[in-house]
Amino acid sequence: MNIKNVVVVGGGMMGNALAQVFASNPDLHVTLKTRALRDDRWDMINNNLDIMISRGAATEEEKAAIISRIHFEVDEAKAYTDADFIIECAPEVMETKQDLFCTIEKYCSDKCILATNSSVMSCTEIGSKCVHPERVVGAHFWNPGHLIPLVEVIKSDVTEEWVIEETMELMTVCGKKPVYCKKDVPGFVANRLQHALWREAFYMVENGIADAKTVDDACKYGPGLRWPVMGPMENSDLVSIQLSKNIHDYILPHLADNHEPSKCLAEMLERGDNGFKTGKGWQEWTPEEILAAVKEDVDAFRDHGLVCKLISTGKRTE
């Protein structure tokens, strides 16, 4: 691998998580480019690592090694000049990301890869103002970036093949599971799948087929338990292509195919219902229920994420 110096731009939740991920590889030097050197700049990384240590997913020695490989920098020339791979975690504003890459190009080499961590925006459009848009690539980490293995590597309309290959290899050597999205389409791979399911879930509630909690329980206690070990394509092969076709011949005409958001979403917003923020959305929530739900979900999600991390690093807890 030709990448040695990695720069993460942005000191928020994702930026800190990504810096931690790259610094887990002893062959990489990591710079976290921020606008200011805040006194609390190490807090997020320390907290992430301390939780991992408490779950047996890291050691104190590994924490010290990771921190030793991360350098905070505010000066643009110092941050970008020697970089081999730069990934931005800037706000989801197209002009902000475009201007950032234009600024970075003033300092970095022509062979430096410019990656965007955008979860929704076109990497083709983000790189459209660059002198060398062919070295711009999407690299979408799923939150929390230091736990979830998935990274979507997205080819823009002009990204060169060597950029894809280097990016895929970088993610792999850092313990991630990169997936290659060959076309720069809205939602990439995983969000398209996720929101196809959301569309059907909203449709069922909107049409009185099931209530919101039932839909959630059906996902949590059925296919949600299968997905970590068997994806839809594997499952189709398992049950047979013939059965897959037979089922789709029957069921597809009955599934949601709307191209507009569920009318329930607009109706709830008109009433001032905005989920946890207001105590009512698809379901009603008391402040105590919200706190309990968030804690339960975060704990379960964090433990599952740590299991994925343990699997990817070959570690196990008793």
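Conventions we followed
- Residues numbered from 1 in each chain as written.
- Predicted model: local features only at pLDDT ≥ 70, side-chain atom pairs only at ≥ 80, totals over all residues.
- Heavy atoms only, no water.
- 1 Å grid on protein atoms, 1.4 Å probe; cavity = no way out; pocket = protein on both sides within 12 Å on 5 of 7 lines; lining within 4 Å.
- Points joined across faces, edges and corners; volume = space filled by probe spheres on them.
- Helix = DSSP H or I, 4+ residues; strand = E, 2+ residues; numbered from the N terminus.
- Nonpolar A, V, L, I, M, F, W, Y, C, P; charged D, E, K, R; others polar.
- Buried < 20%, exposed > 50% of the residue type's maximum accessible area, 1.4 Å probe, protein only.
- Core = buried A, V, L, I, M, F, W, Y, C linked by side-chain atoms within 4.5 Å.
- Contact = heavy atoms within 4.5 Å.

Draft legend 1. Inspection of the layout of surface pockets at higher detail. Roughly 900 Å³ of volume is contained in the second largest pocket. Along the wall of the second largest pocket there are 37 residues; nearest its centre are Gly10, Gly11, Gly12, Cys89 and Ala90. Elements with a contribution of two residues or more to the lining of the second largest pocket: α1 (13-23), α2 (43-54), α4 (76-80), α5 (94-105), β6 (136-141) and α8 (190-206). With four residues, the single largest contributor to the lining of the second largest pocket is α1. Classifying every residue of the lining of the second largest pocket gives 13 nonpolar, 14 polar and ten charged.

Draft legend 2. Structural context of unusual backbone geometry. Pro144 follows Asn143 through a cis peptide bond whose omega is 0°. Counting through the fold element by element, Pro144 comes out in the loop between β6 and β7 (150-154). Phi is positive for Phe188, which is not a glycine, with a value near 55°. Tracing the backbone through its elements, the reader meets Phe188 in the loop between β8 (177-181) and α8. A relative accessible area of 4% means that Phe188 is categorised as buried. Non-glycine residue Ser240 carries a positive phi angle of around 105°. When you line up the elements, Ser240 lands in the loop between α11 (232-239) and α12 (241-251).

Draft legend 3. Quick look at the nonpolar core. Core analysis: the biggest nonpolar cluster contains 36 residues, and Phe22, Ile70, Phe85, Ile87, Phe141 and Leu170 have the highest contact counts within it. Residue contributions to this core peak at six residues, all from α1. Those residues within four positions of Leu170 in sequence are excluded, and the remaining contacts are Met1, Ile3, Val6, Phe22, Leu28 and Phe85. Counting 18 residues, the second-largest nonpolar core is a separate cluster that includes Ala79, Ile86, Phe101 and Cys130.

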